[in-house]
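Secondary and tertiary structure notes
Okay, here's what each chain looks like letter by letter:
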Amino acid sequence: MSAQPEVWRVSTVEGIFETDLETLKQWIAEGCVLPSDKVSKGTLNWIDAGRAPMLRAAFAGDFSPQPPRQPVYPEAVGGWQTPPPFEDTPQTPPTLQPAPSYESTGYTPPPTNHGNAPSANTCQKHPETAAHFICRMCNATWCEACPRFVSGKIPLCPSCGDLCKLYTEVTTKAAQSEFQASGFGIADFFRAIRYPFQHKLALVCGAMLYSLLLLAGLKGTFIAWMIMFGCISHVISQVAWGRLHRSFMPDFSAFSLWDDLVVPVFLGLGITIVTWGPLIALVIALLFGVLKGPGVPGMMPGQEIAAATETSAPTAEGLDVLTDPNADPKKLEEANKKLNKLRPGSQIAQEAERSQKENEPGAAVSMLLPYLGAGILLILLVLLTLGWAFFYYPMALTVAGYTQSFGAVINPLVGLDTIRRMRSTYFKAFAMVVAVQIVAFVVTVIIGVITSPFNLPFVGNLPANFINGTATFYFNLVIACVLGLSLYKCADRLGITVD
């Protein structure tokens, strides 16, 4: 009668497992269990594996796994039979007959996978059965019946004794890793175009709700904008984490006032501040006179005549010189010149001379130069702020989507650092976003032209507004998916934890 083996429990990052002592030592030797992992013998308390006296030798490297038991070949059955697990070997081993050849038993041993990846999606022992498990150490694939189960649910590889994982889980992660390392390109753009159609019902309901709210006045527009931005933020975050098959609609069944209302409002406000804030500040500065053009040195024609009259008018001292018979001849001559300039004929001659100078080539340019200087500076500032809003808007959406932080959104250094780490991937995503926006603009114009007969006074073109709202909802989902995929392909550089 065999003795019941001691059951050990081990807690690692992959979960809690139950096994026997020898298998646990083997896991330690293979590096699957670390000294910091927790172990428990039977029902005793959990302790660090490195502190367990029976495991210290294994951690020190002084462990030799027991040789596998010799299989027994029955004479009547052409197959393998091994002793039951955890059965003690008798003190006096039985005398074994020489192992018969494979030809005499009609048995073919199961193939062993010595490569680094599974060779097929079928069981190693039963090629006609699909693989359900895969060993994490030797990558051998097994069906549901082949592994040896510990505690009835933990599969162990029958070939090497290590843990087995679900085949679909491993292959799915391998496919995701390959997809993430494939780089960002045109295939992702077409994937983003198809993305909203993965959930057709959510797309139709969301687009119709968004369009109807746009027709409901200012409050409805505000709610529609909140729903749209909530969907954009949700798509960016989900796709960036690798959840490409999740619905793009937020889970309104578990409505949260903070997460579903306050956060989207603040994130949208932050995007507006960081993108259009410089242009708004420039307009406010111009309206309140904070920014002024340089002073214009030239004067109007009437002002020039008045100034000339004031400077040439004789003073009381000048009139005394004219009436003084003993006055200095030079002063008398100067006083006479000033007096002659006050005559109507002299003023007419001065005005004619001024007009002639204005008609000379280059005179108009000289007069406009002060105005041109102020205008060019203002135009450059407006173009600069518009260019910033146009270029940074996709990154503002991206930062809002994967950080969900108002402080990160309004801080342009966060976005610029993200662009630096994404390198060319962001510029590819930016070009795709621009392409989608151009197509959206063309679609809007076409819809407006087609539905122009429905344009009513005081109401507007309601059919065009509804259809444009539906198209806008779809195009914004495409833009969000493009940005999310660009983050997913750069997750290792941005520190984003993907599924």
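In this report, the structure presented in the accompanying data block is examined. (Residues numbered from 1 in each chain as written. Predicted model: local features only at pLDDT ≥ 70, side-chain atom pairs only at ≥ 80, totals over all residues. Heavy atoms only, no water.)

**Some details on the packing of aromatic side chains**
For the structure shown, the criterion picks out 17 aromatic pairs. Relative to F406, the ring of F266 lies with its centre 5.8 Å away and its plane at 85 degrees, an arrangement referred to as edge-to-face. Here F406 lies in helix α14 (residues 406–410) and F266 lies in helix α8 (residues 257–287), a separation of 140 residues in the sequence. For F266, a relative accessible area of 41% corresponds to the partly exposed category. The ring of F179 is capped by K489, whose NZ or CZ atom sits 4.4 Å from the centre of that ring. (Phe/Tyr/Trp six-rings, centres within 6.5 Å; stacked < 30°, edge-to-face > 60°. Helix = DSSP H or I, 4+ residues; strand = E, 2+ residues; numbered from the N terminus. Buried < 20%, exposed > 50% of the residue type's maximum accessible area, 1.4 Å probe, protein only. Lys NZ or Arg CZ within 6 Å of the ring centre and 35° of its normal.)

**Topic: the pattern of salt bridges**
Enumeration over the complete set of coordinates arrives at seven salt bridges. With its nearest N and O atoms 3.0 Å apart, the salt bridge here joins K489 to D188. In this pair, K489 is assigned in helix α17 (residues 462–489) and D188 in helix α5 (residues 186–194), connecting sequence segments 301 residues apart. Of the two residues examined, K489 and D188, each falls in the buried class. A cluster of three or more residues bridged by salt bridges with shared partners is formed by D188, R191 and K489. (Salt bridge = Lys/Arg side-chain N within 4 Å of Asp/Glu carboxyl O.)

**Some words on helix α15 (residues 412–422)**
Among all positions of α15, only G415, T418, I419 and M422 are buried. The buried residues of α15 occupy an angular sector of 100 degrees when projected down its axis, which confines them to one face. Among the exposed residues of α15, those pointing more than 90 degrees away from its buried face are L413 and R420. Just downstream of α15, R423 is the residue with a positive phi angle, here 55 degrees. (Arc of directions from axis to C-beta.)

**Structural notes on unusual backbone geometry**
Positive phi, close to 60 degrees, is recorded for N139, a residue that is not glycine. Take N139: its relative accessible area is 16%, and that puts it in the buried class. With a phi close to 55 degrees, Q404 is a non-glycine residue in the positive phi region.

**A word on helix α1 (residues 21–29)**
Within α1 the residues assigned to the buried category are L21, T23, L24, K25, W27 and I28. Those residues of α1 that are buried lie in contact with β1 (8–12), β2 (15–19), β3 (38–41), α2 (56–59), β7 (148–150) and β8 (154–156). Where α1 starts, the residue carrying a side-chain oxygen 3.3 Å from the main-chain nitrogen of E22 turns out to be D20. After α1 finishes, the residue G31 shows a positive phi value of roughly 85 degrees. (Contact = heavy atoms within 4.5 Å. Polar contact = N/O pair within 3.5 Å; in protein donor to acceptor, adjacent residues only side chain to side chain.)

**Details of the sheet that holds β3**
Ordered by their spatial adjacency, four strands build an open sheet running β2-β1-β3-β4, and the pairing between neighbours is antiparallel. Looking along the sheet, the strands with just one partner apiece sit at the ends: β2 and β4 (47–48). Inspection of the sheet shows β1 paired to β3 by four bridges, in the antiparallel sense. Pairing of R9 across the sheet is with S40, part of β3. α1 rests against β1, β2 and β3 of the sheet, and its axis sits at about 130 degrees to β2. (Pairing = 2+ DSSP bridges. Axes fitted to C-alpha atoms, helices over the stretch in contact; angles between N-to-C directions.)

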